[in-house]
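Structure at a glance
The residues making up each chain are set out below.
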Amino acid sequence: MDTEAVRSFVRAAELGQLQHAANELGVTQQAVSKRIATLERELEVRLFTRTARGVELTLDGQAFLPHARSIVTGVDRAVTAIRPGSRALRIDVLGLRSAQAVVLHEYWRSHPDTELDVVTLKVNDPRVVVAAVEAGDIDASFRTVTDPAALPRDLRMIHAFDSPLELLVGPRHPLASARSLTPPQLRRHRIWVPGIAPRSEWGGDFYDQLATEFDLRIDAAGPHFGDEVLLDTLADSADVATLVGARDRYIWPTNHDLRRIPIVNPTLAYPLSLILPRTNPHPGLRAIINHLASLTPLAVPAWRPYWATTPPGVDGD
């Protein structure tokens, strides 16, 4: 059934004049008349009778009108649900406790009227996320394509913010009492990062480069049973540590007594990017991007991997 024909029928019924309906719909009276005639043939009933004053509904037209209104309303709602600017801004984050989600929550708290839909695609391959942005399933994603040449031409990737790394250890670890650490002080200590996924942006490039650059012992041995198991292991261990982002949220029992220790001179930074359409992005993204630009810049000196997108006005490290 032609929904525009149904819309024309509804407006003609409500206004009582085909010309008035045509004026409101931005078409000719002849177009409205043809649409209604087509609808009547499809339904095999007469919907209107013509009078000197315009048109009046037949009994069949009166019976059809409330259902026709429902059809028009449903179509309008469906279009509104997917039209940028008329629906919630959908942004993909790596996890709801990740630094990206924390930053978005900070933004939303200061802009509570923002229609924001935070989603987690739960995939490690950035190509899958890129396809979702390209298809319009999401409006943007806090992911990075480490080879910019692999990014489709209709998408762009901009610097979002840098996440400084901290060492997370239990109370019995030799470094537990430190107030800050430099990368050379991490050498010879086991840094366990379970869940380093192949094809992910952090998979090989980030941790491999970090380990090579500072001669660190980083491994992903064993399966990843979740953050709770990782935190339990750290609490019980005198020789295992892990790396976490300064803004990432972790929750553990008070008796774990875990310590988050900043890494400085240089600050080790995980760069976060935002992937979005090159043309016609969701209007709500502009305010998000402005908020990201207002975040406190990374402390210097800093180390960032070779594939890091460069913050506006900052030369690459």
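Computed from a prediction, not measured in an experiment: that's the story for all the values here.

Notes on the pattern of salt bridges
Proximity of charged atoms lets side chains of opposite charge pair with each other. Applying the stated rule across the entire model yields eleven salt bridges. Arg7 is paired through a salt bridge with Glu4; the nearest N and O atoms lie 3.5 Å apart. With Arg7 and Glu4 both in helix α1 (residues 3–15) and three residues apart, this pair spans about one turn of that helix. Overall, the relative accessible area of 32% leaves Glu4 in the partly exposed class. For Asp92, the salt bridge identified is with Arg143, shortest N-O distance 3.0 Å. Taken together, the residues Asp92 in strand β3 (residues 89–92) and Arg143 in the loop between β5 (140–141) and β6 (155–169) connect sequence positions 51 residues apart. Residue Asp92 shares its accessibility class with Arg143, and that shared class is buried. Salt bridges sharing partners connect three or more residues here, namely Arg11, Glu14, Glu24 and Arg69.

Notes on unusual backbone geometry
Put simply, Asn265 and Pro266 share a cis peptide bond, and its omega is 5 degrees. By the secondary structure assignment, Pro266 is in the loop between β10 (259–262) and β11 (267–277). The residue after Val300, namely Pro301, is reached through a cis peptide bond having omega 0 degrees. Along the chain, the position of Pro301 falls in the loop between α9 (285–293) and β12 (302–303). Backbone geometry places Glu44, a non-glycine residue, at a positive phi of 60 degrees. Exposure remark for Glu44: the relative accessible area of 72% places this residue in the exposed category. With a phi close to 55 degrees, Lys122 is a non-glycine residue in the positive phi region. The topology assignment puts Lys122 in the loop between β4 (116–119) and α6 (126–135). Residue classification places Lys122 among the exposed positions, given a relative accessible area of 71%.

Parameters and conventions
Residues numbered from 1 in each chain as written. Predicted model: local features only at pLDDT ≥ 70, side-chain atom pairs only at ≥ 80, totals over all residues. Heavy atoms only, no water. Salt bridge = Lys/Arg side-chain N within 4 Å of Asp/Glu carboxyl O. Helix = DSSP H or I, 4+ residues; strand = E, 2+ residues; numbered from the N terminus. Buried < 20%, exposed > 50% of the residue type's maximum accessible area, 1.4 Å probe, protein only.

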